[in-house]
Amino acid sequence: MTLPSKQGAPQDIGVESDLLEMLGADALTTLIGLGADIVCLVDEDGIVNQFHYRNRDLDAYGLAKIVGKPLRDCVTVESAPKIDALLGPATKKRPARGYQVNHSATGQPDLPVAYSAGTAAGFPYTIVVGHEMRQQMQDQQRLVEAQIAMEADYRELRQAEARYRTVFKMSETPHLVLDGEKRTILEANAAAVSVLTGGTGNLTGKPVRDLFKKEDRERLSDAIGEARHSGEPIQLDALHGAKGARVDARLRAYREHGATNLIVTLRDCKEAGDEVVHHTTRNANGADIDLDLLPEAALKTDSDGMVLAANTLFLDRVHAPTHNQVLGRNVSNWLGKSAVELNVLFTRIKDERTLSGFSSVLTDTLGEDQDVVLSARYDRNSETIQLLVIPQPASVGKVALQPPATQDQTEGFASLVGKVPLKELIRESLDVVEKICIEAALEKTQNNRASAAEMLGLSRQSLYIKLRRHGLENYRPGS
């Protein structure tokens, strides 16, 4: 007996014809059915003599009624020629996977089956073995549906990309897309090209700094760096283009493939209507004072410390590229080491109306600290505060109060050297310094013990213990 191999060539399975006669048709069909989904014996006229299948789900296709019928009449019309080729003489090479045919049933999808056939000398039937392919067909159908859906999504994506690119190119507002790392232009619409070059051309790949005059390049570079790291929109006013254009720029960062790039929107200064921004306050007589005319960094805040105006010298001190990075924010972002220090400052200003020589610390946007001296005035009519921020010389100490009897104490300590162990001298000097610091804190907070404890970084209980140890329980500033 021979059956087709996987390569399509006949393969002897080693079964003699007398064994076939001994098993009989029923036993043979059952035996072969152990390794196949469908087995049938077909006579020389194409009539099914035996039909066997294991899966009872196939009953819906009426396979049990095939016996006694031509096999070609039990498949769909387009599959009948394949049955004829399957049962016909092996005059040509047959498919290695057999012939795929379909059985039909009312209300059911077609049943795909891959049939292969074999014959044996002296055996009166052709043995037809079938493997159902419903799972393969379902997998193929899902694959086709997924491919169709993917192509539809890709087509929509390309259409959306084309729409947005068209909008970007046709927009009358100049837009640039910058590579945040290289600071070169990735995209530029026609309006941006016209503003920056005065004509037409291609700006892709060009360094953005080359499109502006030298005096504005550093300011632009600083703004690009700040926009990339802060994530907030950065406003740059009055940039001078290399071709003479004068524009305002708004920079906004966004993420793209793991990199931080920027979108730059340009606007003509004349359209903005604010070519020069003056930040003014009022003097004691009610007249306006231009903060930019003052020789030191200056601020104007409301009674809660929100910045209403600032001059360019203050922007330089805190390394802020534009006023938008300062206005509307609390002064505590830059001044003071703690909220208590600023509360003391604002309380004294409101009580005394003018204040000078207040030692503090200025922290810029880069996190660097600088010792400063503050002078302030409170306007009761407008309930605003004007602050001057003056850098403190390196030789000036942070403690504003002069320690009492400092010279005497120094001489006293010097006279004890060689008579008292160093450890005791250090312990005694630390006590003196601790007392001076507590007195300074009480002086700054106007004897507010809770605020003084917070300023010193102590708990209230620890402060009271130290007050008793130094004999300061009844201490009053100025006493």
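Look a little higher up for the structure.
Just so we're clear, the structure is a prediction, and the values are computed from it rather than from any experiment.

Before going further, it helps to spend a moment on the overall build of the chain. The secondary structure content of the chain amounts to 12 helices and 19 strands. The 479 residues of the chain split such that 37% are buried. Considering only intrachain contacts with a sequence separation of at least 6, the fraction spanning at least 24 residues in the chain is 42%. Total accessible area on the chain is roughly 28000 Å²; 51% of this is exposed by carbon and sulfur atoms.

Inspection of every chain in the model, using the stated rule, returns two aromatic pairs. Between Phe51 and Tyr53, the aromatic rings sit 6.1 Å apart at their centres with planes inclined by 70°, giving edge-to-face as the arrangement. Judged on exposure class, the residue Phe51 and its partner Tyr53 are both buried. Relative to Trp334, the ring of Phe314 has its centre 5.9 Å away and its plane inclined at 85°; by these criteria the two rings are edge-to-face. Of this pair, Phe314 sits in helix α7 (residues 312-318) while Trp334 is found in the loop between α7 and α8 (339-352), placing the two residues 20 residues apart along the sequence. Classification of Phe314 by relative accessible area gives buried; the value is 0%. Here the basic side chain of Lys444 rests over the ring of Phe358, its NZ or CZ set 5.6 Å away from the ring centre.

The next point concerns helix α5 (residues 214-230). An ideal rise of 1.5 Å per residue puts 24 Å on 17 residues; α5 measures up with 25 Å between its terminal C-alpha atoms. Residues Asp216, Arg217, Leu220, Ser221, Ala223, Ile224, Gly225, Glu226 and Ala227 constitute the buried set of α5. Each element contacted by the buried residues of α5 is listed here: β8 (175-178), β10 (234-240), β11 (246-256) and β12 (259-268).

A sheet is described by the order of its strands in space; here five strands give the open sequence β16-β15-β19-β18-β17, paired in antiparallel fashion. Looking at the sheet topology across the chains shown, the edges are occupied by β16 (307-310) and β17 (354-363). Each neighbouring strand pair of the sheet contributes to a mean axis angle of 30°, computed without reference to strand direction. Bridging between strand β15 (residues 297-302) and β16 involves three bridges; their strand directions are antiparallel. Bridge pairing in β16 places Lys300 opposite Ala309. Across the face of the sheet, α8 comes into contact with β15, β17, β18 (369-379) and β19 (384-391) while running at roughly 160° to β17.

At a minimum axis distance of 9 Å, the contact between helix α11 (residues 449-456) and helix α12 (residues 460-469) shows a crossing angle of 100°. When the axes of α11 and α12 are compared, the pair comes out roughly perpendicular. Residue-level contacts link Arg449, Ala450, Ala452, Ala453 and Leu456 of α11 to Arg460, Leu463, Tyr464 and Leu467 of α12. Across the contact of α11 with α12, the residue classes break down as seven nonpolar, no polar and two charged.

This next bit is on the pairing of β11. Judged from the five bridges that link them, β10 and β11 form a sheet pairing that is antiparallel. Each bridged residue has a counterpart across the sheet, and for His240 the counterpart in β11 is Arg246. Between β10 and the antiparallel strand that follows it, β11, lie five residues; Gly244 among them carries a positive phi value of about 105°. Pairing between β11 and β12: 10 bridges, direction antiparallel. Each bridged residue has a counterpart across the sheet, and for Arg252 the counterpart in β12 is Ile263. A loop of two residues connects β11 with β12, the two strands running antiparallel in sequence, and His257 in this loop sits at a positive phi of about 55°.

Analysis parameters
Every chain is numbered on its own, with residues counted from 1 as its sequence reads. Reporting in this predicted model follows two pLDDT cut-offs: at least 70 for local features of residues, and 80 or more for side-chain atom pairs to be given and counted; totals over whole chains, interfaces and linings ignore these cut-offs and use all residues. With hydrogens and water excluded, all non-hydrogen atoms of the structure serve as input to the side-chain values. In DSSP terms, a helix is any run of H or I states spanning at least four residues, a strand is any run of E spanning at least two, and both are numbered starting from the N terminus. Throughout, exposure labels follow a simple rule: accessible area from a 1.4 Å probe, protein chains only, divided by the maximum for the residue type, with under 20% read as buried, over 50% as exposed, and the rest as partly exposed. Whether two residues are in contact is decided by their heavy atoms, any of which lying within 4.5 Å being enough. Every accessible area reported is derived by Shrake-Rupley at a probe size of 1.4 Å, with residue values counting cover from the shown protein chains alone. Centres within 6.5 Å are what make two rings of Phe, Tyr or Trp a pair, Trp counting through its six-membered ring; a difference in plane orientation under 30 degrees is then read as stacked, over 60 as edge-to-face, and the rest as tilted. Our definition puts a charge over a ring when NZ of Lys or CZ of Arg is within 6 Å of the ring centre and also within 35 degrees of the ring normal. Expected helix span is taken as 1.5 Å per residue step, with the number of steps being one fewer than the number of residues. A pair of strands is labelled paired if DSSP reports no fewer than 2 bridges between them. Axis definition: a line fit to C-alpha positions, over the contact stretch in the case of helices; interaxial angles, taken between N-to-C directions, run 0 to 180 degrees. Roughly parallel refers to an angle under 35 degrees, roughly antiparallel to one over 145, roughly perpendicular to one between 65 and 115, and oblique to any angle outside these ranges. Residues are grouped as follows: Ala, Val, Leu, Ile, Met, Phe, Trp, Tyr, Cys and Pro are nonpolar; Asp, Glu, Lys and Arg are charged; every other residue, Gly included, is polar.

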